[in-house]
Amino acid sequence: MSPIKIANTKNEVIDLIKNRWSPRSFSEKDLSLATLETILEAGSWAPSANNTQPWRFIYALRGTPGFEKLLSTLSPGNIPWAKNAAALIATIGIRELPDTQQKNHYYMHDVGMASSFMLLQALDMGVYGHMMAGYSKQHVTELTGLPANEESVSMIALGYIDSPEKLDEPYKTRELTARSRNPLSAIAAHLD
Ligand SMILES: Cc1cc2nc3c(=O)[nH]c(=O)nc-3n(C[C@H](O)[C@H](O)[C@H](O)COP(=O)(O)O)c2cc1C
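Just so you know, these numbers come straight off a predicted model, no measurement behind them.

Draft legend 1. Inspection of the site of the ligand at higher detail. Around the ligand, a shell composed of 13 residues is seen, among which Ser22, Arg24, His130, Arg179 and Arg181 lie nearest. One of the side-chain nitrogen or oxygen atoms of arginine 181 is found 2.8 Å away from an oxygen atom of the ligand. Considered on its own, the ligand offers 620 Å² of accessible surface; in the complex 60% of this is hidden by protein. If you tally residues by element for the shell around the ligand, the top one is strand β3 (residues 128–132), at three residues. A class-by-class count of the residues in the shell around the ligand yields five nonpolar, four polar and four charged.

Structure (structure tokens):
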């Protein structure tokens, strides 16, 4: 892994978080279904408001018709690299609470929690994930036949990492650029 991508933290953040990043160069190595299911199960163990678990994951492995379907929903800027991913996952949010059919105000939040858990579980097994909002929600809704109370939230590309040299520009430069974050002083405040 390129050392430039390791988070340069002020405090002793755990390696799993420091080492996670969003690559675009994926190798030809396939992802086993067992590995993918482990990643999905990790997502299911994320916390959620009232344990409503307002998520669903629709996945496909590279080389299958399902993969081509999910790939076809991506925006032109994501297809050139995401086509090399070993798997694609469409994350889905369930908008309503199961008992009352009232709006679940936290479904987006909780799908994000599950996505985070999947990314960290994946990395622990040497698999990288790259989240995407650049795709057609409408297209995912149609091709997966989502019911009215379910919403396409994001796409995730997963796979083993490969050399940045494999990529064309502008992706290659992005693969070689250091990651950065706003300083803690800009995002965290102590309340007296
Ligand atoms: C909800 C969400 C949507 C994103 N959409 C895209 C996308 O469509 N295309 C892309 O290349 N990266 C996408 N990203 C990746 C971000 O650009 C990336 O996480 C951010 O630049 C921080 O980089 P890092 O993950 O390597 O730390 C997305 C990330 C998230 C969380």
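Draft legend 2. The arrangement of the side chain of serine 152 in detail. Considering the arrangement of structural elements, one finds serine 152 in strand β4 (residues 150–159). At 2.6 Å, the side chain of serine 152 forms a polar contact with the side chain of tyrosine 135.

Draft legend 3. Highlighting the pairing of strand β2 (residues 87–94). For β2, the buried fraction is high: eight of the eight residues fall into the buried class. Where burial is concerned, the two faces of β2 agree: the one with Ala87, Ile89, Thr91 and Gly93 and the one with Leu88, Ala90, Ile92 and Ile94 are both buried. Relative to β2, strand β1 (residues 55–61) runs antiparallel, the two being bridged by seven bridges. Opposite arginine 56, over in β2, you have isoleucine 92 as the bridge partner. Inspection of the sheet shows β2 paired to β4 by eight bridges, in the antiparallel sense. Bridge assignment links alanine 87 to a residue of β4, and that residue is leucine 158.

Draft legend 4. A look at the nonpolar core. In this structure, Leu74, Trp81, Leu88, Met132, Met155 and Ala157 are the most contacted members of the largest nonpolar core, which totals 23 residues. Going through the elements one at a time, α3 (65–71), α4 (79–82), β2, β3 and β4 are the ones with two or more residues in this core. If sequence neighbours within four positions are ignored, methionine 132 has contacts with Leu74, Asn78, Trp81, Ala82, Leu88, Ser154, Met155, Ile156 and Ala157. Leu31, Leu36, Ala87 and Val127 belong to the second-largest nonpolar core, a separate cluster that totals 20 residues.

Draft legend 5. Representation of the sheet that holds β2. Spatially, four strands are ordered β1-β2-β4-β3 in an open sheet, and the strand pairing comes out antiparallel. For this open sheet the edge positions go to β1 and β3, each flanked by a neighbour on one side alone. Between one strand and the next, the sheet's axes are offset by a mean angle of 25 degrees, whatever the strand orientation. Pairing of β3 with β4 involves five bridges; the strand directions are antiparallel. Residue histidine 130 lies in a different strand from β4, and its bridge partner there is alanine 157. Helix-sheet contacts for helix α2 (residues 33–44) involve β1, β2 and β4, and the interaxial angle to β1 is about 165 degrees. In this fold helix α6 (residues 137–144) packs onto β1, β2 and β4, with an angle of close to 95 degrees to the strand it touches most, β4.

Calculation rules
Residues numbered from 1 in each chain as written. Predicted model: local features only at pLDDT ≥ 70, side-chain atom pairs only at ≥ 80, totals over all residues. Heavy atoms only, no water. Near = heavy atom within 4 Å. Polar contact = N/O pair within 3.5 Å; in protein donor to acceptor, adjacent residues only side chain to side chain. Areas by Shrake-Rupley, 256 points an atom, 1.4 Å probe, with all protein chains shown as cover. Helix = DSSP H or I, 4+ residues; strand = E, 2+ residues; numbered from the N terminus. Nonpolar A, V, L, I, M, F, W, Y, C, P; charged D, E, K, R; others polar. Buried < 20%, exposed > 50% of the residue type's maximum accessible area, 1.4 Å probe, protein only. Pairing = 2+ DSSP bridges. Core = buried A, V, L, I, M, F, W, Y, C linked by side-chain atoms within 4.5 Å. Contact = heavy atoms within 4.5 Å. Axes fitted to C-alpha atoms, helices over the stretch in contact; angles between N-to-C directions.

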